[in-house]
Amino acid sequence: MAVYSTQRLRGLRVVVTGGGTGGHTYPALTTIRTLKARLSDAGTEPELLWVGVSHGLEARIARQEGIPFKAITTGKLRRSPNLKEIGRNIADAFRIPFGLLQAVAVVVRTRPAVVLSTGGYVAVPIGVAAWLTRRPLVMHEQTLALGLANRILARLATRILLSHESSVAHLPARARSRAVVTGNPVRPEVFTGDPRRAAARYDFEPGLPLLYVTGGAQGAVQVNNLIAEILPDLLPYCQVLHQCGEYSFDRMRQLAASLPSHLAHRYRVVDYVHDELPDVLAAADVVVARSGAGTVAELTALGKACVFIPLIPTSGDEQRRTAAHLAADGAARMLAAGDATPARLRAEVLALTQDPALREQLARAAARHGRPAAAAAVTSELLDAAGRG
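Criteria and thresholds
Residues numbered from 1 in each chain as written. Predicted model: local features only at pLDDT ≥ 70, side-chain atom pairs only at ≥ 80, totals over all residues. Heavy atoms only, no water. Axes fitted to C-alpha atoms, helices over the stretch in contact; angles between N-to-C directions. Helix = DSSP H or I, 4+ residues; strand = E, 2+ residues; numbered from the N terminus. Parallel < 35°, antiparallel > 145°, perpendicular 65-115°, else oblique. Left-handed = near helix turned anticlockwise from the far one by under 90°. Contact = heavy atoms within 4.5 Å. Nonpolar A, V, L, I, M, F, W, Y, C, P; charged D, E, K, R; others polar. Core = buried A, V, L, I, M, F, W, Y, C linked by side-chain atoms within 4.5 Å. Buried < 20%, exposed > 50% of the residue type's maximum accessible area, 1.4 Å probe, protein only. Salt bridge = Lys/Arg side-chain N within 4 Å of Asp/Glu carboxyl O.

(A) View of the packing of helix α2 (residues 22-41) against helix α3 (residues 57-65). For the pair α2 and α3, interaxial distance at closest approach is 9 Å and the crossing angle is 25 degrees. As summarised for this structure, α2 and α3 are arranged roughly parallel, according to the angle between their axes. Classified by chirality, the crossing of α3 by α2 is right-handed. Every residue of α3 that contacts α2 at Gly22, Thr25, Tyr26, Leu29, Arg33 and Lys36 is listed here: Leu57, Glu58, Ile61 and Glu65. For the contact of α2 with α3, the class distribution of residues is four nonpolar, two polar and four charged.

In structure tokens, the structure reads:
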């Protein structure tokens with residue numbers, strides 16, 4: 001890494017862009033927090049500006065974190081539009097030049113030492129503005145195959161940060177020399193879990209394998225339906241903590257109430273797991289989950305035995321690609337499309353909960369794909385690009 005003196009760290013200006021979804025927003029937030037911590041050790045702090053859209057998740061997160069935020073106008077070009085979306089594409093096409101002018105004005109006015117982009121269509125105007133004004137641009141890609149925004153910015157970026165080794169092949173040939181595999185930044189609190197706290201909170205049964213089922217913050221109806229079908233078959237062999245989301249919560253509570261009394265205490269259903277998530281992950285022996293980029297980054301960094309049920313279709317089919325990549329290397333089990341049946345899920349869960357050696361083998365393989373130091377690596381690359389710029 002280039003030498004970046006304490007003097008130059010003082011007043012370090014960083015423009016951050018990226019958002020629209022948690023997959024783009026939270027890696028940016030984790031990097032910002034890591035950057036703040038590193039500069040705090042040097043007795044200073046960065047001058048930050050987060051640029052996004054006013055209605056995006058990034059605007060709410062920036063407000064919560066006390067990070068200055070600037071909203072710009074931008075548009076999204078939908079790659080497979082239906083008749084309704086063709087009109088939206090046309091309208092957005094007129095917004096894009098205006099958003100680019102706004103972005104150039106922001107970068108010229110701010111004069112950042114470096115610009116960090118974590119993807120989403122909102123990142124394109126600021127990324128292009130950084131290139132036009134010759135400011136270092138560091139872009140980060142969370143998924144295996146680059147999203148449309150990052151495919152554009154990869155041609156302009158000073159540094160291209162990737163979450164997976166295999167992503168290098170998806171870059172334009174001329175951009176590959178600028179690529180660094182850092183991993184996807186994982187919140188540091190994920191590594192602070194204590195299984196004893198989870199056991200005390202949820203009254204887990206000692207010595208019985210714990211299956212944690214999650215569909216993300218909103219839950220996943222497909223996953224919930226599969227678990228509902230096989231739950232009575234699982235509970236003789238393991239205990240289940242099920243984060244089902246608000247939509248399915250009442251239904252799953254009714255199912256819990258109908259379980260035989262000698263098994264009912266082994267099933268705990270919640271709509272959402274809050275600050276206790278690190279403790280839950282630390283306690284879990286097996287996890288059934290979607291395979292979004294953030295979820296996979298956390299579970300592989302922790303080395304968890306997982307059964308992934310990818311959401312299909314998603315943009316670029318990235319959830320299936322990610323799960324298939326891990327499954328091919330023996331680092332996870334995947335149930336996708338026609339394979340996502342109650343019988344298959346029952347077989348996979350019972351095999352893992354009843355065979356500690358198999359579970360450990362899968363967990364070790366998952367850990368080989370994990371990058372727990374990803375946030376620190378992204379921060380180092382950001383400072384390096386700023387120093388060289």
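After presenting the structure, the write-up continues.
(B) A look at the nonpolar core. Membership of the largest hydrophobic core comes to 34 residues, with the highest contact counts inside it found for Leu211, Leu231, Val240, Tyr267, Val288, Ile309 and Leu345. Broken down by secondary-structure element, the contributors of at least two residues to this core are β8 (210-214), α8 (221-234), α9 (246-257), β10 (267-270), β11 (286-289), β12 (305-308) and α14 (342-354). Examining the composition of this core, we find that seven residues originate from one element, α8, more than from any other. Formed by 28 residues, the second largest nonpolar core is a distinct cluster that contains Leu210, Leu241, Val296 and Ala323.

(C) Molecular detail of the pattern of salt bridges. Under the defined criterion, the tally for this structure stands at 19 salt bridges. The closest approach of N and O atoms between Glu360 and Arg364, which form a salt bridge, is 3.7 Å. Of the two residues, Glu360 and Arg364 both sit in helix α15 (residues 356-369), four residues apart, roughly one turn of that helix. Under the relative-accessibility criterion, Glu360 is labelled partly exposed at 41%. Arg364 gets classed as partly exposed once you look at its relative accessible area, which sits at 48%. Arg388 is the salt-bridge partner of Asp384, the closest N and O atoms lying 3.0 Å from each other.

Worth remembering: the numbers are spatial, not functional.
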